Amino acid sequence: LLEKSPAVELPIKFIPKCAGRYCCQILLKSSCDVRLYVVECIVNTDRAEAELEFLSPAYQAVIQDIPISNMSNQDWKLEAVLEGQSFYGPPVLYVGPGETVQYPLMFKPIAEC
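Residues numbered from 1 in each chain as written. Predicted model: local features only at pLDDT ≥ 70, side-chain atom pairs only at ≥ 80, totals over all residues. Heavy atoms only, no water.

Asker: What exactly am I supposed to notice about the overall build of the chain here?
Answerer: Looking only at helices and strands, the chain features zero helices and seven strands. Shown N-terminal to C-terminal, the secondary structure of the chain runs as helices and strands in the order β-β-β-β-β-β-β. Counting across all 113 residues of the chain, residues that qualify as buried make up 13%. Sequence-distant contacts in the chain: of pairs separated by 6 or more residues, those separated by 24 or more amount to 44%. Of the roughly 10,200 Å² of accessible surface on the chain, a fraction of 54% belongs to carbon and sulfur atoms. (Helix = DSSP H or I, 4+ residues; strand = E, 2+ residues; numbered from the N terminus. Buried < 20%, exposed > 50% of the residue type's maximum accessible area, 1.4 Å probe, protein only. Contact = heavy atoms within 4.5 Å. Areas by Shrake-Rupley, 256 points an atom, 1.4 Å probe, with all protein chains shown as cover.)

As structure tokens, this is what we get:
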């Protein structure tokens, strides 16, 4: 039978500054053992909310480009859900790693509101 080694805790503190994929390796050595641990953390941002105010004459469109920055190492496929009348924009937006893409949000009222 193999003798069980006592468990040893290895506290790790991880404070990411932004969303993304973080990888690291932890190498532990002793006189009779070598172990390599690969740790990967994927950090997602919380759901962001923003408020925009549009002023436009009736029947005239206003377009606001909203910058979306992907600071991660992975491609993003974002789905837009627009709530409210008279708002239009692409339903899907793709943002590559390290890219900033403009989301064109249009407000086109069909009456005074």
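Asker: I tried to follow the pairing of strand E7 (residues 100-107) on my own but got confused; where do I start?
Answerer: In the case of a regular strand, side chains alternate between the two sheet surfaces. A one-sided burial pattern is seen for E7, the buried positions being Val101, Tyr103, Leu105 and Phe107 and the unburied ones Thr100, Gln102, Pro104 and Met106. In this structure, strand E3 (residues 62-69) lies alongside E7, joined through eight bridges in antiparallel fashion. Looking across to E7, one finds that Val62 is bridged to Phe107. Sheet topology places strand E5 (residues 87-88) next to E7; two bridges connect them, and they run antiparallel. The residue of E7 that forms the bridge with Tyr88 is Met106. (Pairing = 2+ DSSP bridges.)

Asker: Help me out: how do you make sense of the sheet that holds E3 in this one?
Answerer: Across the sheet, which stays open at both edges, the three strands sit in the order E3-E7-E5 with antiparallel pairing between neighbours. Looking at the sheet topology across the chains shown, the edges are occupied by E3 and E5.

Asker: Is there a simple way to think about the nonpolar core in this case?
Answerer: Within soluble globular proteins, side chains that are nonpolar tend to cluster in buried spots. By size, the foremost hydrophobic cluster in this structure holds five residues: Leu93, Val95, Val101, Tyr103 and Leu105. Among the secondary structure elements, those contributing two or more residues to this core are strand E6 (92-95) and E7. Here this core takes three residues from E7, the largest share from any one element. When near neighbours in sequence (up to four residues on either side) are disregarded, Leu93 contacts Ile68, Trp76, Lys77, Leu78, Val101, Gln102 and Tyr103. (Core = buried A, V, L, I, M, F, W, Y, C linked by side-chain atoms within 4.5 Å.)

Asker: Please clarify how the packing of aromatic side chains should be interpreted in this entry.
Answerer: The description of two aromatic rings rests on the distance between their centres and on the angle between their planes. Enumeration according to the criterion identifies two aromatic pairs in this entry. Ring plane angle 70° and centroid distance 5.2 Å describe the contact between Phe14 and Tyr22, whose orientation is recorded as edge-to-face. The exposure class assigned to Tyr22 is partly exposed, which follows from its relative accessible area of 27%. Note on Phe87 and Phe107: the rings are 4.9 Å apart at their centroids and 40° apart in plane angle, and the pair reads as tilted. Linking Phe87 in strand E5 with Phe107 in strand E7, this pair joins segments that are 20 residues apart in sequence. For Phe87, a relative accessible area of 26% translates into the label partly exposed. (Phe/Tyr/Trp six-rings, centres within 6.5 Å; stacked < 30°, edge-to-face > 60°.)

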